[in-house]
Every structure is written in C-alpha cells, then in structure tokens.
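Inside the fold
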Amino acid sequence: MHFVNSIHNYLMTRILHTTSLEFQDDFNRATDLDGVLSAHENYLTKVLQRCLLHDKVSLVREAVVKVLNIALVFQRKWDAGIHTFSDDSITKMESEFNNCSVFLSTMLINMTKRGAFPHLAALSFSLASLQQSTTSPPSK
C-alpha cells in the first residue's frame, strides 16, 4: 500500500501540481499566442518526462508497472478469498515485490545522484524509506 501511495503522491503532488504551477507562471508571462502555445508545449513535454513516460526512464516505468500488477493480482486473490492463496504464491509475490523495490530504489538513487532527473528525488526517498522498513528487523 505504501508503494502505491508513494507513486500516487509523486504523480499528483510532485509532478502534476508542480508542473501545473510552472505552466501557470509561463502562461501568465506569455504576451501573445505563440507564447501561450510555447508554454503549453513546454508543459506537455515536462509532464511526459516527469510521469515516467520518457524513453530514458523506461526501466523505471516497467518496474513500477510490474509492482502495480503484483498489487493488482494480490487484490484480486484477496477479493476471491483466502483459499486462493498458497504459501508459494505469497512467497513468489513477496519476492517479486522486494526485487522490484530494491531495483527501483537503487536505480532512482543513482539517477538522482547524477542529477539527470532531479524530479525523481522525492520518489527515490519515499521508495528508499519503504525499502528500509521492509528489510529492517522488527524492533523489540
């Protein structure tokens, strides 16, 4: 659930809201139709890049989609009843989730350290904190 909330928060607050504010500023500075069109084109480009739709972050997007699909499978099994779960299926889903989570955390940390995608820093931090909470032993 934390993973899904982290992705949702990233997209809604860090990307759509922030990029919309940037667009409003650019729009307000536009003095003619060309300026408005340029502001809108810039907005669309930023949204595509920041929402993980750019080719340069396709591995990140694929890993996010994989984790979301794992969550969807889990939710469908949960809705169908506990009898649909087996120890093996739970172990497999948990392993896939953990592998994707580690991959995403590592990749996002490296990408933000290089400065290539600064908008991914908040998502990187959020997913890294998820990774730490799932790998840390419970406190006594």
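This write-up is about the structure you can find in this document. Just so we're clear, the structure is a prediction, and the values are computed from it rather than from any experiment.

This part takes up helix α1 (residues 2-29). If you check α1, its first and last C-alpha atoms are 39 Å apart, about what 28 residues at 1.5 Å a residue would give, namely 40 Å. Of all bends in α1, the biggest is about 25°, found at Y10. The set of residues buried in α1 consists of F3, S6, I7, Y10, I15 and T19.

Turning to the packing of aromatic side chains, a few remarks are in order. Tallied over the full model, the rule gives six aromatic pairs. Clustering of aromatic rings is evident, with ring pairs tying together F23, F27 and Y43.

Turning our attention to the pattern of salt bridges. Counted under the stated rule, the structure contains three salt bridges. Measuring nitrogen to oxygen at the nearest pair gives 3.0 Å for the salt bridge that ties E22 to K46. Of the two residues, E22 is situated in helix α1 and K46 in helix α2 (residues 33-50); the sequence distance between them amounts to 24 residues. A relative accessible area of 24% places E22 in the partly exposed class. Here R50 makes a salt bridge to E22, at a shortest N to O gap of 3.2 Å. Of the two residues, R50 sits in helix α2 while E22 sits in helix α1, which places them 28 residues apart along the sequence. Its relative accessible area of 17% is what places R50 among the buried residues. Through salt bridges with shared partners, a single ionic network connects E22, K46 and R50.

This part is about the nonpolar core. The biggest cluster of nonpolar side chains holds 22 residues, and the ones touching the most others in it are V60, M111 and L120. Broken down by secondary-structure element, the contributors of at least two residues to this core are α1, α2, α3 (58-80), α4 (87-114) and α5 (121-135). At five residues, α4 tops the list of elements feeding residues into this core. Apart from residues no more than four positions distant in its own chain, V60 is found in contact with L52, L104, M107, L108 and M111.

Let's shift gears to the environment of K66. Take K66: it is sitting in helix α3. As for K66 and C100, which are separated by 34 residues in sequence, their C-alpha atoms are 7.7 Å apart. Contact partners of K66, with chain neighbours within four places excluded, come to E96 and C100.

Before going further, it helps to spend a moment on the packing of α3 against α4. At their nearest, the axes of α3 and α4 sit 10 Å apart, and the two run at 155° to each other. Viewed along their axes, α3 and α4 adopt a mutual orientation that is roughly antiparallel. Once α3 is placed against α4, the crossing between them reads as left-handed. Each of L59, V60, A63, V64, K66, V67, I70, V73, F74 and K77 in α3 lies in contact with α4, whose residues at this interface are S89, M93, E96, F97, C100, F103, L104, M107, L108 and M111. Of the residues in the contact of α3 with α4, the class split is 16 nonpolar, one polar and three charged.

Criteria and thresholds
- Residues numbered from 1 in each chain as written.
- Predicted model: local features only at pLDDT ≥ 70, side-chain atom pairs only at ≥ 80, totals over all residues.
- Heavy atoms only, no water.
- Helix = DSSP H or I, 4+ residues; strand = E, 2+ residues; numbered from the N terminus.
- Expected span 1.5 Å × (residues − 1).
- Bend = angle between axes of the 7 residues up to and from the residue.
- Buried < 20%, exposed > 50% of the residue type's maximum accessible area, 1.4 Å probe, protein only.
- Phe/Tyr/Trp six-rings, centres within 6.5 Å; stacked < 30°, edge-to-face > 60°.
- Salt bridge = Lys/Arg side-chain N within 4 Å of Asp/Glu carboxyl O.
- Core = buried A, V, L, I, M, F, W, Y, C linked by side-chain atoms within 4.5 Å.
- Contact = heavy atoms within 4.5 Å.
- Axes fitted to C-alpha atoms, helices over the stretch in contact; angles between N-to-C directions.
- Parallel < 35°, antiparallel > 145°, perpendicular 65-115°, else oblique.
- Left-handed = near helix turned anticlockwise from the far one by under 90°.
- Nonpolar A, V, L, I, M, F, W, Y, C, P; charged D, E, K, R; others polar.

Taken by themselves, the reported measurements are silent on function.
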